[in-house]
Amino acid sequence: MEAGLKQYERIIMGIDPGTNVMGYGLLGVKLGKPEVIVMGVIQLSKFESHYLRLHRIFERVTGLAEQYLPDEVALEAPFFGKNVQSMLKLGRAQGVAMAAVLQRDIPVAEYAPRVIKMSVTGNGQASKEQVANMLKHLLKLRDEEMPKLLDATDALAVALTHFYETGKPQVAKGPKSWDDFLKKNPDRLAPRRGK
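Quick caveat: nothing in here was measured; it's all calculated off a predicted structure.

Quick notes on the side chain of His50
Item 1. Relative to the helices and strands, His50 is located in helix H1 (residues 50-68).
Item 2. Other than its neighbours up to four places away in sequence, His50 contacts Thr19, Lys89 and Arg92.

Notes on helix H5 (residues 150-166)
An α-helical turn contains 3.6 residues, so a residue and the one three or four places further along point in the same direction.
Item 1. Its 17 residues give H5 an end-to-end C-alpha distance of 24 Å, which sits within 8% of 24 Å, the value for a rise of 1.5 Å per residue.
Item 2. The element H5 is extensively covered by neighbouring structure, given that 13 of its 17 residues are classed as buried.

Digging into the packing of helix H4 (residues 128-138) against H5
Item 1. Here H4 crosses H5 at 60 degrees, and the two axes come no closer than 9 Å. Taken together, the axes of H4 and H5 are oblique relative to one another. At the point where H4 passes H5, the crossing takes the left-handed sense. Contacts from Lys128, Glu129, Val131, Ala132, Leu135 and Leu138 in H4 reach Leu150, Thr153, Asp154, Leu156, Ala157, Leu160 and Tyr164 in H5.
Item 2. The residue makeup of the contact of H4 with H5, split by class, is 9 nonpolar, 1 polar and 3 charged.

Considering the layout of surface pockets
Item 1. When its volume is computed, the largest pocket comes out at roughly 490 Å³.
Item 2. For the largest pocket, the lining is made up of 27 residues, of which Asp16, Pro17, Glu76, Phe79 and Lys128 are closest to its centre.
Item 3. Secondary-structure elements contributing two or more residues to the lining of the largest pocket are helix H2 (84-102), helix H3 (113-121), H4 and H5.
Item 4. Counting residues per element, the lining of the largest pocket draws most heavily on H2, which supplies 5 residues.
Item 5. A breakdown of the residues in the lining of the largest pocket according to their chemical character gives 12 nonpolar, 8 polar and 7 charged.
Item 6. For the second largest pocket, the calculated volume is near 210 Å³.

As for unusual backbone geometry
Item 1. At Leu31, a residue that is not glycine, the phi angle is positive and equals roughly 55 degrees.
Item 2. As for its position among the elements, Leu31 is in the loop between strand S2 (21-30) and strand S3 (33-43).
Item 3. The phi dihedral of Leu69 falls on the positive side, at around 50 degrees, and the residue is not glycine.
Item 4. Tracing the chain through its elements places Leu69 in the loop between H1 and strand S4 (72-76).

A look at the nonpolar core
Item 1. Counting residues in each nonpolar core, the largest one holds 25 residues, and the members touching the most others are Met13, Ile15, Met22, Ile57 and Val61.
Item 2. Broken down by secondary-structure element, the contributors of at least two residues to this core are strand S1 (10-16), S2, H1, S4 and H2.
Item 3. Not counting the four nearest positions on each side in its chain, Val61 is found in contact with Met13, Ile15, Met22, Ile42, Ala97, Ala100 and Val101.
Item 4. Counting 23 residues, the second largest nonpolar core, distinct from the first, contains Ile116, Val131, Leu139 and Leu141.

Some thoughts on the packing of aromatic side chains
Item 1. Summed over all chains, the structure comprises 1 aromatic pair.
Item 2. Their ring planes at 50 degrees and their centres at 5.8 Å tell us that Phe163 and Tyr164 sit as a pair that is tilted.
Item 3. The class for Tyr164 is partly exposed, based on a relative accessible area of 29%.

With respect to the pattern of salt bridges
Item 1. Enumeration over the complete set of coordinates arrives at 8 salt bridges.
Item 2. For Glu35, the salt bridge goes to Lys30, with nearest N and O atoms at 3.8 Å.
Item 3. For Glu35, a relative accessible area of 29% puts it in the partly exposed group.
Item 4. Among the ionic pairs, Arg56 bridges to Glu59, the shortest N-O distance being 3.7 Å. You can see Arg56 and its partner Glu59 sitting in helix H1, 3 residues apart, about one turn around the helix.
Item 5. Within the structure, one salt-bridge network assembled from shared partners comprises Arg142, Glu144 and Glu145.

What counts, and where the lines are drawn
- Residues numbered from 1 in each chain as written.
- Predicted model: local features only at pLDDT ≥ 70, side-chain atom pairs only at ≥ 80, totals over all residues.
- Heavy atoms only, no water.
- Helix = DSSP H or I, 4+ residues; strand = E, 2+ residues; numbered from the N terminus.
- Contact = heavy atoms within 4.5 Å.
- Expected span 1.5 Å × (residues − 1).
- Buried < 20%, exposed > 50% of the residue type's maximum accessible area, 1.4 Å probe, protein only.
- Axes fitted to C-alpha atoms, helices over the stretch in contact; angles between N-to-C directions.
- Parallel < 35°, antiparallel > 145°, perpendicular 65-115°, else oblique.
- Left-handed = near helix turned anticlockwise from the far one by under 90°.
- Nonpolar A, V, L, I, M, F, W, Y, C, P; charged D, E, K, R; others polar.
- 1 Å grid on protein atoms, 1.4 Å probe; cavity = no way out; pocket = protein on both sides within 12 Å on 5 of 7 lines; lining within 4 Å.
- Points joined across faces, edges and corners; volume = space filled by probe spheres on them.
- Core = buried A, V, L, I, M, F, W, Y, C linked by side-chain atoms within 4.5 Å.
- Phe/Tyr/Trp six-rings, centres within 6.5 Å; stacked < 30°, edge-to-face > 60°.
- Salt bridge = Lys/Arg side-chain N within 4 Å of Asp/Glu carboxyl O.

This is the structure we're talking about:
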């Protein structure tokens, strides 16, 4: 592990799957607060074959996992569009990215685009620019640290969403009914009077 990475309690890698450009972003959590380790894009448009693009995604995501040793990976789930071929290609890209990290036994989570936008901006219909601006504010990024391609900030938003979602307190599930409660807690049943 790189010396600089040892300072983090956990590392989250976010991935914004794409078949022309795939975004990635890594957050390190230190003292319960997220900070940016790196973000960038994987350029895929130079590869003519869809299969070569998938191979490149696998290679680069594997390389990122080996370099930054993320504890968890979060991906943006493909949204339902009208173009079935585009969705199929996007799903393949996402699946290849998942396989690259699953081979290293890294847990994977998926978040819908609307959930990511809501988590970061408070608006499920936010634009890519609004997401990027909110990330700049939340993670205290300087202008020169902001990427040209918003696929990178989209990936960082996925990682931040995962940080928020996994930091929520878990609510214990209560009994399904009063009868269920009494069956599980017979000692709580008060004795009847007169007996």
